[in-house]
Amino acid sequence: MQRRTILGAATALATAMIPLTALADYPERDIRVIVPWGAGGGTDGIVRKITNIAEQELGDASMYVENIEGGVSATGIGQVMSARPDGYTIGALTYDSIVTVPWQGMLPSYDLDKLKMIARITSEPDAIIVDDESDYQSLQDLIDAAKEDPGQVRVAVQNMGGRVHLTLLQLQDMTDTEFKIVSYPGGAAPQKEAILSDEVDVALTSLGDFANLIQDSTVRGLVEFADNPNPTYDVPIAPEEGVDLTNGSFIVFAAPADTPEDAISALESAYKSAFESDEFQSWVREVGVTPAWLGSGEVTDWANETAQGLYDEMDALVEEGVLSK
């Protein structure tokens, strides 16, 4: 009798230790999707669009987006890292989540090994955007103005030390110019306000971040730092303008590292179906974002290689005194 009791207790304990997702079909409840930037920006809009479509692939479960700003995306992604690894909390990583925060060592507890990457969905080159009535008609116009009045042309970036700040520093270094850099933390939304209120002369972010203002001809793209022309907007690319500079962001979905494979597989499948849908593909073309899928089997290696290449570039800029760490 005592032996049966011990065996029964051991069986009960072992059962209790099995992840819930192994005992039932996933998902059984709502899934939280963290966007580490403010509402109204490009990342927020893209994540909400594809998530709304992906939700239809997951039965009765709902997927809801939550904006958690701060720390150049580290605050929100930190919550993903520390969440219970059961498939019910995931997050959207961007350039800063994978490159800026780890390189700067902003948070000791921030470690990408605490995440399991699900998929990459977009590739978004940086671009310079101006008011539609701006006198700047080309990148050369902007460079000439910066050389004529060093430190006077006001450029809106997001976070100091972040991706678009790096792009601008590289542009200054390559063209021997000096701009007045104005930081607007929190994503593209405050950059839009700065352009509309004439606080700045130009903004540096992706065309997709300003899609609504481009579509109604309030602003226009001056140049895009890309290898290939944008599929939606007729905007010159930097190499064609004599500046061999390319940089940009992306969106990658990730979950806590120990999330069960069945949950990762279900999420990847749902997002891939959403990505391939006519609704999403036509929508991204309208907003000027380049869809670029990488599944769970490829995205981690791609992210590591991308990050290391950029670390090397930034370390070189630090040695030159162009960038501080």
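Residues numbered from 1 in each chain as written. Predicted model: local features only at pLDDT ≥ 70, side-chain atom pairs only at ≥ 80, totals over all residues. Heavy atoms only, no water.

Q: What is the right way to look at the environment of Leu196 in this model?
A: With respect to the element layout, Leu196 can be found in helix 8 (residues 189–196). Leu196 gets classed as partly exposed once you look at its relative accessible area, which sits at 48%. Along the primary structure Leu196 and Asp135 are separated by 61 residues, whereas in three dimensions their C-alpha atoms are 15 Å apart. (Helix = DSSP H or I, 4+ residues; strand = E, 2+ residues; numbered from the N terminus. Buried < 20%, exposed > 50% of the residue type's maximum accessible area, 1.4 Å probe, protein only.)

Q: I keep staring at the pairing of strand 5 (residues 154–157) and nothing clicks. Help me out?
A: Sheet faces and side chains relate simply in a regular strand, where the side chains alternate between the two faces. Sheet topology places strand 5 next to strand 6 (residues 180–183); 4 bridges connect them, and they run parallel. Across the sheet, Arg154 pairs through a bridge with Lys180, a residue of strand 6. Since strand 5 and strand 6 lie parallel, the crossover through helix 7 (residues 163–175) that links them has a hand, and here it is right-handed. Sheet analysis places strand 5 next to strand 7 (residues 202–206), joined by 2 bridges and oriented parallel. Its bridge partner being in strand 7, Ala156 is matched across the sheet by Ala203. (Pairing = 2+ DSSP bridges. Right-handed = clockwise from strand over helix to strand, strands pointing away.)

Q: Can you help me understand a negative patch on the surface in this one?
A: Taken together, the side chains of Asp173, Asp176, Asp312, Glu313, Asp315, Glu319 and Glu320 define an acidic patch exposed on the protein surface. A total of 5 residues in the negative patch trace back to one element, the largest contributor, which is helix 12 (residues 296–320). One can find Glu313 in helix 12. Residue class for Glu313 comes out partly exposed when judged on its relative accessible area of 38%. (Patch = residues over 30% accessible without salt bridge, like charges linked within 9 Å, V, L, I, M, F, W, Y side chains within 5 Å. Areas by Shrake-Rupley, 256 points an atom, 1.4 Å probe, with all protein chains shown as cover. Salt bridge = Lys/Arg side-chain N within 4 Å of Asp/Glu carboxyl O. Lys, Arg positive; Asp, Glu negative; His and termini not counted. Charge placed at Lys NZ, Arg CZ, Asp CG, Glu CD.)

Q: Looking at this model, I keep getting lost on the layout of surface pockets. Mind explaining?
A: Remark: the empty space left among the atoms is shown by a probe the size of a water molecule rolled over them. In this structure, the largest pocket occupies an estimated 480 Å³ of space. In terms of lining residues, the largest pocket is bounded by 24 residues, among which Thr246, Asn247, Gly248, Thr306 and Leu310 are the most central. Listing elements by their share of the lining of the largest pocket, those giving two or more residues are strand 4 (115–131), helix 7, strand 9 (248–256) and helix 12. When residues in the lining of the largest pocket are grouped by element, the largest group, 6 residues, is from helix 12. Reported here for the second largest pocket is a volume of approximately 180 Å³. Lining the second largest pocket we find 14 residues, and of these Gly41, Gly42, Gly45, Gly208 and Ala211 sit closest to its centre. Looking at the lining of the second largest pocket, the elements with two or more residues in it are helix 3 (42–54), helix 9 (211–215) and helix 11 (278–287). In the lining of the second largest pocket, the residues fall into 5 nonpolar, 7 polar and 2 charged. (1 Å grid on protein atoms, 1.4 Å probe; cavity = no way out; pocket = protein on both sides within 12 Å on 5 of 7 lines; lining within 4 Å. Points joined across faces, edges and corners; volume = space filled by probe spheres on them. Nonpolar A, V, L, I, M, F, W, Y, C, P; charged D, E, K, R; others polar.)

Q: How should the packing of helix 3 against helix 11 be read in this particular structure?
A: Two quantities define a packed helix pair, namely the angle between the axes and the distance from one axis to the other. Where helix 3 contacts helix 11, the axes come no closer than 10 Å and their chain directions differ by 165°. As far as their axial angle goes, helix 11 and helix 3 are roughly antiparallel. Helix-helix and strand crossings are classified by hand; for helix 3 and helix 11 the assignment is right-handed. Here helix 3 contributes Gly45, Ile46, Lys49, Ile50 and Ile53 to the contact with helix 11, which in turn contributes Glu279, Phe280 and Trp283. (Axes fitted to C-alpha atoms, helices over the stretch in contact; angles between N-to-C directions. Parallel < 35°, antiparallel > 145°, perpendicular 65-115°, else oblique. Left-handed = near helix turned anticlockwise from the far one by under 90°. Contact = heavy atoms within 4.5 Å.)

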